[in-house]
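Geometric and topological summary
Here is how the chains run, residue by residue.
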Amino acid sequence: MNITMLYSKLHRATVTDANLNYVGSITIDQDLLDAAKMRVGQKIDIVNINNGERFSTYIISGERGEGDICLNGAAARKVHKGDKIIIIAYATMSEVEADSHRPKIVILDDENGIAQAFEGLE
């Protein structure tokens, strides 16, 4: 049997832009993707801390070091610039893999810099 587990998350990211006239997705600074072990094209969930919206989209890479967190296309209607969001990635794994899996957690500061990064939920 396989189980879907938290793979990684970017916690308290600040939305830097919302671009309605783009073809879907979320643009995330490549440095943040690397820190959270997220991949371009990966399906993720977004939780908007400000308004409670929860939705899914996929990742595209942003410029390194710019701190970009930009919601594109229809998702742009679910956020406002300056909103705090949680970006959650999941992975499907066997029960044996799940027993030893330690998700990557990256907590961001107000400028989308890495304030803290660790593995595991304990």
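Report on the accompanying structure. (Residues numbered from 1 in each chain as written. Predicted model: local features only at pLDDT ≥ 70, side-chain atom pairs only at ≥ 80, totals over all residues. Heavy atoms only, no water.)

**Points about the overall build of the protein**
- Scanning the protein for helices and strands turns up two helices and nine strands.
- When the elements of the protein are put in sequence order from the N terminus, they spell out β-β-β-α-β-β-β-β-α-β-β.
- For the protein, the C-alpha radius of gyration of 14 Å lies close to 14 Å, the compact-globule estimate for 122 residues.
- By principal-axis analysis of the C-alpha atoms, the protein measures approximately 45 × 30 × 25 Å.
- As displayed, the protein has an accessible area near 6,700 Å², and 48% of this comes from carbon and sulfur atoms.
- The average position of the 13 basic charges and that of the 18 acidic charges among the side chains of the protein differ by 4 Å. (Helix = DSSP H or I, 4+ residues; strand = E, 2+ residues; numbered from the N terminus. Rg over C-alpha atoms; globule rule 2.2 N^0.38 Å. Areas by Shrake-Rupley, 256 points an atom, 1.4 Å probe, with all protein chains shown as cover. Lys, Arg positive; Asp, Glu negative; His and termini not counted. Charge placed at Lys NZ, Arg CZ, Asp CG, Glu CD.)

**Comments concerning the nonpolar core**
- Within the largest apolar cluster, 23 residues are counted, with the highest numbers of intra-cluster contacts made by Leu10, Ile26, Ile28, Leu71, Ile85 and Ile87.
- Every element with two or more residues in this core is listed here: β1 (2–14), β3 (26–29), α1 (30–36), β4 (43–48), β5 (54–62), β6 (69–72), β7 (84–94) and β8 (104–108).
- For this core, the element with the highest residue contribution is α1, accounting for four residues.
- Among all residues touching Ile28, those that are not within four sequence positions of it are Leu10, Leu33, Ile59, Ile60, Ser61, Gly62, Asp68, Ile69 and Ile87. (Core = buried A, V, L, I, M, F, W, Y, C linked by side-chain atoms within 4.5 Å. Buried < 20%, exposed > 50% of the residue type's maximum accessible area, 1.4 Å probe, protein only. Contact = heavy atoms within 4.5 Å.)

**Overview of the pairing of β5**
- Direction of pairing for β3 relative to β5: parallel, over a ladder of four bridges. Across the sheet, residue Asp29 finds its bridge partner in β5, namely Gly62.
- Sheet analysis places β4 next to β5, joined by five bridges and oriented antiparallel. Of the residues in β5, the one forming a bridge with Lys43 is Tyr58. (Pairing = 2+ DSSP bridges.)

**Remarks on unusual backbone geometry**
- A positive phi is found at Arg12, a non-glycine position, where the angle reads about 65°.
- As for its position among the elements, Arg12 is in strand β1.
- In this model, Lys37 sits at a positive phi of 60°, which is unusual for a non-glycine residue.
- Tracing the backbone through its elements, the reader meets Lys37 in the loop between α1 and β4.

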